[in-house]
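The residues making up each chain are set out below.
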Amino acid sequence: MPSHRYRDVTQRVELPLRDREWPSRHLTAAPLWVPVDLRDGNQALAEPMDPARKRRFFELMVAMGYTEIEVGYPSASQTDYDFVRLLAESGLAPEHVTIVVFTPARRDLIERTVASIRGIRNPVVIHLYTATAPVWRDLVLGRDRGELLELILAGGRDVLELAGALPNVRFEFSPEVFNLTEPDYALEVCDAVTQLWDASPDRPVILNLPATVEIATPNVYADQIEYMHRHLARREGVILSVHPHNDRGTGVACAELAVLAGAERVEGCLFGNGERTGNVDLVTLALNLHTQGIDPMIDFAQLDEIRRTVEHCNRIEVHPRHPYAGDLVHTAFSGTHQDAIRKGFAEHRARAAAEGRPEREIAWRVPYLPVDPADLGRSYDAVIRVNSQSGKGGAAYLLERELGIELPRRLQIDFARHVQRLADESGDELDAARLWALFGAVYLNGAGQPDGTDAATPRTIELRGYEIGEADGCSRTRIVIERDGATIEHLAEGVGPVEALVETLAAHGIELEVLGLHQTSLGHGEGSDALTLLEFRHPEGVRWTAGRGASVVGASLEAVLVAANAVAAARPTVPA
């Protein structure tokens with residue numbers, strides 16, 4: 001490897017702190033969390049969020065308890081500008097939530113940013129940024145230290161002129177690439193900005209110090225933050241913020257050590273989305289505090305729902321090994337781990353009974369599980385039942401190897417209980433043929449009966465035809481179904497065939513919500529049948545079905561029909 005081409009951090013930036021104090025400190029409280037998914041995370045997406053996804057993400061963050069949210073870059077994007085105007089003209093943002101908007105230090109862009117927030121009654125932060133590191137000064141901006149400082153102060157004066165009289169507005173400044181900026185220059189710039197903006201405890205200025213490109217071990221960033229914390233001129237009028245990226249894979253550690261070093265505020269993204277390797281992960285940071293007995297002040301009690309929403313909005317799946325949220329993080333494939341976990345659960349239940357207290361209230365000390373899955377709205381079954389060789393791991397491997405079927409992780413978990421029961425009852429080794437027969441009984445016919453049975457569901461609803469077309473620039477789908485001998489026809493506009501079928505069913509008393517469609521194939525090669533795996537919610541819970549067909553559309557519609565028949569059988573309804 002040509003490692004000689006790269007320089008150690010000590011050759012790139014001065015590290016002046018020697019008498020550091022942060023190593024002897026302990027985390028005792030949550031910092032102020034500021035999710036930047038709608039701005040920094042959004043600009044990193046191959047397909048930026050449309051207004052509907054942006055609104056859904058915002059509503060999720062409000063529901064979770066975030067009280068300060070960076071909502072966009074209104075001078076750079078019409079979609080962002082329109083979203084800020086939506087917040088100004090509607091009641092979407094509760095009055096306690098602070099709205100943050102982002103702008104570079106350029107007057108015309110600052111003017112548009114200020115225009116976007118006119119009429120917002122919420123507290124507002126205008127976030128001004130300029131890169132300050134030597135390489136950026138030389139190669140990107142073409143300015144020396146003095147010239148760049150004047151550019152920053154000019155932008156600061158513009159912000160003050162245009163928004164300083166607005167009583168609900170405060171200011172934030174980021175010396176972009178702070179971690180590669182000379183410490184004395186970073187301090188000079190920040191002190192000049194806080195003096196210009198008259199930072200005080202009554203109207204504090206946020207100084208956000210980003211590790212824009214992570215370049216060193218986390219202790220170096222902590223030293224840089226502590227240096228600023230101890231030397232800022234108006235420290236009592238400053239909220240010290242950090243914004244670590246994850247280029248070296250240590251963004252979480254950087255943020256945690258930075259808080260020890262004096263930071264009070266952390267910007268990041270849910271599940272770590274962001275440019276390159278991402279922003280620091282606010283979910284991991286918060287739940288790390290939770291596992292240390294510190295209230296993160298954010299509600300993660302339904303973590304799977306949070307993950308599904310973020311996956312939908314970002315159109316990026318959360319990795320199965322992602323801390324806390326991944327599908328595999330509470331499972332153990334090793335038999336020795338499974339044994340320890342089972343014994344831990346048994347001891348936990350016995351201790352709760354002996355103390356006469358609910359299991360959710362006593363101290364958690366189950367081996368291999370740093371957090372109680374129930375705290376996050378997850379079940380225990382996935383922890384101790386799904387990983388036997390005849391269950392989740394082995395079953396998924398055989399179905400993929402022999403039949404080409406790739407099961408999503410959550411369906412593997414659901415299928416495992418059926419495989420385990422069959423293996424326990426028969427005592428036999430289960431080959432791919434028997435696994436496929438079981439899969440068909442459960443999902444192609446029975447929709448994964450919640451009582452553990454695999455009996456086929458009676459078919460009272462059938463698809464008799466569908467047509468997909470377009471008129472006046474709008475897509476139209478005609479659906480014809482038969483229910484209990486009666487033919488029902490429905491025309492849906494502006495949606496695809498799956499949504500059209502769901503809409504038809506809902507209009508006639510069958511309510512179900514499609515959570516996800518996963519496409520695979522049955523067999524190998526171009527002539528293989530399509531297999532659609534459908535995760536859906538109905539009043540009795542979340543279930544899975546599957547549909548097989550010569551086309552993806554046909555397979556998908558069949559999967560919806562299996563779900564509809566299961567819902568009809570479980571909860572009979574009166575046709576509309």
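Note that the coordinates shown come from a computational prediction; the quantities given were computed from them, not determined experimentally.

Draft legend 1. The overall build of the protein chain, seen in detail. The helix and strand tally for the protein chain stands at 18 helices and 14 strands. Taken along its principal axes, the extent of the C-alpha atoms in the protein chain is 80 × 65 × 55 Å. Sorting the 576 residues of the protein chain into buried and exposed places 53% on the buried side. The long-range fraction of contacts in the protein chain, counting pairs at least 24 apart against all pairs at least 6 apart in sequence, stands at 67%. Averaging the coordinates of the 58 positive side-chain charges in the protein chain and doing the same for the 84 negative ones gives two points 2 Å apart.

Draft legend 2. Focus on the packing of helix H2 (residues 51-64) against helix H3 (residues 78-89). Following both chains from N to C, one finds H2 and H3 inclined at 50 degrees, their axes separated by 11 Å at the closest point. Judged by the inter-axis angle, H2 sits oblique to H3. Between H2 and H3 lies a crossing of right-handed hand. In this structure, H2 uses Pro51, Lys54, Arg55 and Phe58 to contact H3, whose residues at the interface are Thr79, Asp80, Phe83, Leu86 and Leu87. Of the residues assigned to the contact of H2 with H3, the class counts are five nonpolar, one polar and three charged.

Draft legend 3. Highlighting the sheet that holds strand E6 (residues 205-211). Read across the sheet, eight strands follow the order E1-E8-E7-E6-E5-E4-E3-E2 without closing on themselves; strand pairing throughout is parallel. Both edges of this open sheet fall to strand E1 (32-35) and strand E2 (68-72), since each of them pairs with a single strand only. Taking each pair of neighbouring strands and ignoring which way they run, the sheet shows an average axis angle of 25 degrees. Across the sheet, helix H7 (residues 183-196) lies against strand E5 (169-176), E6 and strand E7 (238-244), angled at about 160 degrees from E6, the strand it touches most.

Draft legend 4. Broad picture of the nonpolar core. Counting 93 residues, the largest nonpolar core has Phe58, Tyr66, Val71, Ile225, Leu270, Phe300 and Leu303 as its most contacted members. With seven residues, the single largest contributor to this core is H7. Residues in contact with tyrosine 66, not counting those within four places in the same chain, are Trp33, Pro35, Met61, Val97, Leu270, Leu282, Ile298 and Phe300.

Draft legend 5. Region of interest: the UniProt feature "binding site: Mg(2+)" (unreviewed entry) in the protein chain. Under the present numbering, the feature "binding site: Mg(2+)" (unreviewed entry) in UniProt falls on Asp40, His243, His245 and Asn279. Maximum C-alpha separation among the annotated residues is 10.9 Å over a sequence range of 240 residues, consistent with a single clustered spot. With respect to the helices and strands, histidine 243 occurs in strand E7. Beyond its immediate stretch of four places on either side in the chain, histidine 243 contacts Val36, Arg39, Asp40, Asn208, Leu209, Pro210, Ala211, Tyr221, Glu267 and Asn279. Take asparagine 279: it is sitting in the loop between strand E8 (265-268) and helix H10 (282-290). Since its relative accessible area comes to 2%, asparagine 279 is described here as buried. Asparagine 279 has contacts with Asp40, Gly41, His243, Pro244, His245, Gly268, Cys269, Gly272, Asn273 and Gly274, leaving out every residue within four places of it along the chain. Within the local environment of asparagine 279, its side chain forms a polar contact with the side chain of histidine 243, the two groups lying 2.9 Å apart.

Draft legend 6. Quick peek at the pairing of E7. With six of its seven residues buried, E7 lies for the most part within the structure. Bridge analysis of E6 against E7 gives seven bridges, and the strand direction is parallel. Considered in E7, the bridge of asparagine 208 is made with serine 241. Summarising the sheet, E7 and E8 pair through two bridges and their orientation is parallel. Directly across from valine 242, in E8, lies its bridge partner valine 266. Chirality of the crossover, the property in question, places the unit of E7, helix H9 (residues 251-260) and E8 among those that are right-handed.

Draft legend 7. Broad picture of the packing of helix H6 (residues 145-163) against H7. Packing of H6 against H7 leaves a shortest axis separation of 10 Å and a crossing angle of 25 degrees. Between H6 and H7, the crossing angle belongs to the class labelled roughly parallel. For the crossing formed where H6 meets H7, the hand is right-handed. Facing Arg145, Leu148, Leu149, Ile152, Leu153, Gly156, Arg157 and Leu160 of H6, the residues of H7 in contact are Asp184, Tyr185, Glu188, Val189, Ala192, Val193 and Leu196. By residue class, the composition of the contact of H6 with H7 is 10 nonpolar, one polar and four charged.

Draft legend 8. Representation of the packing of aromatic side chains within the structure. Inspection of every chain in the model, using the stated rule, returns nine aromatic pairs. Taken together, a centroid distance of 5.5 Å and an interplanar angle of 85 degrees make the contact between phenylalanine 415 and phenylalanine 439 edge-to-face. Note that phenylalanine 415 is positioned in helix H15 (residues 409-426) and phenylalanine 439 in helix H16 (residues 432-445), a separation of 24 residues in sequence. Accessibility assignment for this pair places phenylalanine 415 and phenylalanine 439 in one class, buried. Here the aromatic rings of phenylalanine 439 and tyrosine 443 are separated by 4.9 Å at their centres, their planes lie at 50 degrees, and the arrangement is tilted. With phenylalanine 439 and tyrosine 443 both in helix H16 and four residues apart, this pair spans about one turn of that helix.

What counts and what doesn't
- Residues numbered from 1 in each chain as written.
- Predicted model: local features only at pLDDT ≥ 70, side-chain atom pairs only at ≥ 80, totals over all residues.
- Heavy atoms only, no water.
- Helix = DSSP H or I, 4+ residues; strand = E, 2+ residues; numbered from the N terminus.
- Buried < 20%, exposed > 50% of the residue type's maximum accessible area, 1.4 Å probe, protein only.
- Contact = heavy atoms within 4.5 Å.
- Lys, Arg positive; Asp, Glu negative; His and termini not counted.
- Charge placed at Lys NZ, Arg CZ, Asp CG, Glu CD.
- Axes fitted to C-alpha atoms, helices over the stretch in contact; angles between N-to-C directions.
- Parallel < 35°, antiparallel > 145°, perpendicular 65-115°, else oblique.
- Left-handed = near helix turned anticlockwise from the far one by under 90°.
- Nonpolar A, V, L, I, M, F, W, Y, C, P; charged D, E, K, R; others polar.
- Pairing = 2+ DSSP bridges.
- Core = buried A, V, L, I, M, F, W, Y, C linked by side-chain atoms within 4.5 Å.
- UniProt positions renumbered as here; feature names shortened; annotations may be inferred.
- Polar contact = N/O pair within 3.5 Å; in protein donor to acceptor, adjacent residues only side chain to side chain.
- Right-handed = clockwise from strand over helix to strand, strands pointing away.
- Phe/Tyr/Trp six-rings, centres within 6.5 Å; stacked < 30°, edge-to-face > 60°.

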